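If you want the building blocks of each chain, they are given just below.
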Amino acid sequence: LGYKEIEVGFPAASQTDFDFIRYIIDNGLIPDDVWIQVLTQAREPLIRRTIEGVRGAKNVVLHIYNSTSELQRRVVFKAERDVIKKMAVDGTKLLKELASSELKDHNVRLEYSP
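Now for a description of the structure that goes with this document. Each chain carries its own residue numbering, running from 1 in the direction its sequence is written. Note on the predicted model: pLDDT of at least 70 is required for a residue's local features to be given, and 80 or more for side-chain atom pairs to be given and counted; whole-chain, interface and lining totals, by contrast, use all residues. The side-chain values count all of the structure's non-hydrogen atoms but skip hydrogen atoms and water molecules.

### Examining the overall build of the protein
- Strands are runs of DSSP state E lasting at least 2 residues, helices are runs of H or I lasting at least 4, and numbering of each runs from the N terminus. Looking only at helices and strands, one finds four helices and four strands in the protein.
- Just to be clear, the radius of gyration here is over C-alpha atoms, and the globule rule we use is 2.2 Å times residues to the power 0.38. The globule rule puts the C-alpha radius of gyration for 114 residues at 13 Å, and the 15 Å found for the protein is close to it.
- A principal-axis box enclosing the C-alpha atoms of the protein has dimensions of 45 × 25 × 25 Å.
- Within the protein, the fraction of its 114 residues that count as buried is 37%.
- Long-range pairs, those at least 24 residues apart, make up 71% of the contacts in the protein between residues at least 6 apart in sequence.
- Both charge centroids of the protein, one from 17 positive and one from 17 negative side chains, sit 5 Å from each other. Buried means the residue's accessible area, taken with a 1.4 Å probe over protein chains only, is under 20% of the maximum for its type, while exposed means over 50%, and partly exposed covers the values in between. Whether two residues are in contact is decided by their heavy atoms: any pair within 4.5 Å suffices. Positive charge is attributed to Lys and Arg, negative charge to Asp and Glu, and no charge count is given to His or to the chain ends. Every charge is mapped onto a representative atom, which is NZ of Lys, CZ of Arg, CG of Asp or CD of Glu.

And the structure:
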């Protein structure tokens, strides 16, 4: 179809997403000029699983996010804004560090959204 970038999943969210991403990478189903994009929350175990999921892909967009809504902060995280901001900063730093060390032979772009 001519797409040059496509979101392929959330490898840390389910085994099905992880397996699908591994399948398209391991079977050479991603054209060399196409970037795959994956999503991960700003939480260490999910970031590590995401890196594991995309290893071997030539071009990868790693999209990291964390919820910043008032309701999420109060009800889910039970945390103030500074704690949520720290989660985002720490997660992004870890993702950058792992991308540099474990995906050094890959073309990698990082994206963040709240």
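### Considerations on the packing of aromatic side chains
- Here is the rule: rings of Phe, Tyr and Trp (six-membered ring for Trp) pair when centre to centre is within 6.5 Å. Planes less than 30 degrees apart are stacked, more than 60 are edge-to-face, and the remainder are tilted. In total, this model carries one aromatic pair according to the counting rule given.
- Here F10 and Y65 contribute two aromatic rings whose centre-to-centre distance is 6.3 Å and whose plane-to-plane angle is 80 degrees, an arrangement assigned as edge-to-face. Taken together, the residues span a long stretch of sequence, with F10 in the loop between β1 (5-9) and α1 (15-26) and Y65 in strand β3 (residues 59-65) at a distance of 55 residues.
- Taking the relative accessible area as the measure of exposure, F10 reaches 16% and is therefore buried.
- Counted as over-ring charges are cases with an Arg CZ or a Lys NZ within 6 Å of the ring centre that also lie within 35 degrees of the ring normal. In this structure, R49 is placed above the aromatic ring of F18, and the distance from its NZ or CZ to the ring centre is 3.5 Å.
- The lysine or arginine in question, R109, covers the ring of W35, its NZ or CZ lying 4.5 Å from the ring centre.

### Considerations on the layout of surface pockets
- Definitions used throughout: a 1 Å grid over protein atoms alone; a cavity as a set of points that fits a 1.4 Å probe which cannot get out; a pocket as an open set with protein on both sides within 12 Å along at least five of seven lines; a lining residue as one with an atom within 4 Å of a point. Grid points are joined across faces, edges and corners, and a volume is the space filled by probe spheres set on the points. Taken as a whole, the largest pocket encloses approximately 200 Å³ of empty space.
- Surrounding the largest pocket, G2, Y3, I6, E7, V8, F20, I24, L29, I30, P31, V34 and I36 form its lining.
- Listing elements by their share of the lining of the largest pocket, those giving two or more residues are β1 and α1.
- It is β1 that contributes the most residues to the lining of the largest pocket, three residues altogether.

### What about unusual backbone geometry?
- Phi angles above zero are rare outside glycine, and K78 is one such case at about 50 degrees.
- Locating K78 in the fold gives a position in the loop between α3 (70-77) and α4 (81-102).
- K78 sits in the exposed class, given a relative accessible area of 67%.

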